[in-house]
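Understanding the architecture of this molecule
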Amino acid sequence: MTTDPADLVVTGARLRSGAVVDVHCAGGVVTALPPAGAQPVPAGAVVVAADGGLVTEPFVDAHLHLDKVRTLPWIGDAALQAYTGDGMADSARGIDLARAVKEQYTLERLLPSVRQALADGERHGVLHVQAFADVDTAAGLVGVQAVLAAREEFRGRVDVSVVAFPQDGVLRDPGAAELVEEALATGADVVGGIPWIEESAADQEAHVEWACALAARLGRPVAMLTDDAPDPEIGRAPVRETVEVSVVCGSLIITLDDWSEKS
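Attention here is on the structure that accompanies the text. (Residues numbered from 1 in each chain as written. Predicted model: local features only at pLDDT ≥ 70, side-chain atom pairs only at ≥ 80, totals over all residues. Heavy atoms only, no water.)

Notes on the overall build of the chain
Per the secondary structure count, the chain includes nine helices and 11 strands. By residue count, 41% of the 263 residues in the chain fall in the buried class. Looking at the chain alone, contacts between residues at least 24 apart form 71% of all its contacts between residues at least 6 apart. As displayed, the chain offers around 12800 Å² of accessible surface, 56% of which is attributable to carbon and sulfur atoms. (Helix = DSSP H or I, 4+ residues; strand = E, 2+ residues; numbered from the N terminus. Buried < 20%, exposed > 50% of the residue type's maximum accessible area, 1.4 Å probe, protein only. Contact = heavy atoms within 4.5 Å. Areas by Shrake-Rupley, 256 points an atom, 1.4 Å probe, with all protein chains shown as cover.)

This is the structure in structure tokens:
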């Protein structure tokens, strides 16, 4: 019997259930999970001995600001301290301070760090990433362009879903809404939102309405962040009134089944 040399067998792999199996793979797909030693290893297959070590599905990073990796030295500790100090009570000021970083964005400067972050994750089993990239009048589309370029480089290795994320708001940053649409047209996958960054309750609700209407019109999902608000209720009430939500990793992921009927 001959086989494609790319075929792989991981022997003695312990699953989450506790069972110890051999993982047979062909063409990049798991084809069989027989008990360890119960099925012959195909001739020519690459063999990796797990020796009873845990083998799982790949990890998922559902919230990674990929355009900002390794940018702390550009701005210093002030933004980080404002964002994380005193129970995140001053997180909005931290975001405003960090805005200065985006004035230094260039594709050439961002792309090496984006690549390295994806490579580091891949090495540790993170094969699915929801990558937030800032889209606003400071960053323009540079952050999205860097993440999209890296996504193409890692295609087939790491699955990257790109969120067009208006970090500085859409009402307090005129022009950001149009940039989000442009980012989606150029390859971003998900409409981002951060309603609590807006300056009034009415503006927060308008932010949610904007994001959901745009997603409904384009047939896209929404990733809505509310977990880092100084007041945990900011931005949540209007979401509950508008669409069904499920809480994932402290962020609100919006489903639009009901929204399409209302818009």
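So much for the structure itself; the text now carries on.
Some points on the packing of aromatic side chains
Using the criterion set out here, one finds one aromatic pair in the structure. Consider the rings of Phe132 and Phe165, whose centres lie 5.3 Å apart with planes at 90°: the pair is edge-to-face. With Phe132 in strand S6 (residues 126–134) and Phe165 in strand S7 (residues 159–165), this residue pair connects regions lying 33 residues apart in the sequence. Accessibility expressed as a relative area gives 0% for Phe165, which makes it buried. (Phe/Tyr/Trp six-rings, centres within 6.5 Å; stacked < 30°, edge-to-face > 60°.)

Here's the deal with the environment of Leu97
Take Leu97: it is sitting in helix H3 (residues 91–102). Looking at Leu97, the relative accessible area reads 31%, which means it is partly exposed. Separated by 21 residues in sequence, Leu97 and Gly76 place their C-alpha atoms 9.9 Å apart.

Details of the pattern of salt bridges
Going through the model one piece at a time under the given rule, you end up with 14 salt bridges. Where Glu57 meets Arg16, a salt bridge forms, and the shortest distance between an N and an O atom there is 3.0 Å. Of this pair, Glu57 sits in the loop between strand S4 (46–49) and strand S5 (59–65) while Arg16 sits in the loop between strand S1 (8–14) and strand S2 (20–26), placing them 41 residues apart in sequence. Across the pair Asp120 and Arg123 runs a salt bridge, and its minimum N-O distance is 3.2 Å. Of the two residues, Asp120 and Arg123 are both situated in helix H4 (residues 107–123); the distance of three residues between them amounts to about one turn of the helix. Judged by relative accessible area, which is 58%, Arg123 ranks as exposed. Linked by salt bridges that have partners in common, Lys68, Lys102, Asp134, Asp136 and Asp168 make up one network. (Salt bridge = Lys/Arg side-chain N within 4 Å of Asp/Glu carboxyl O.)

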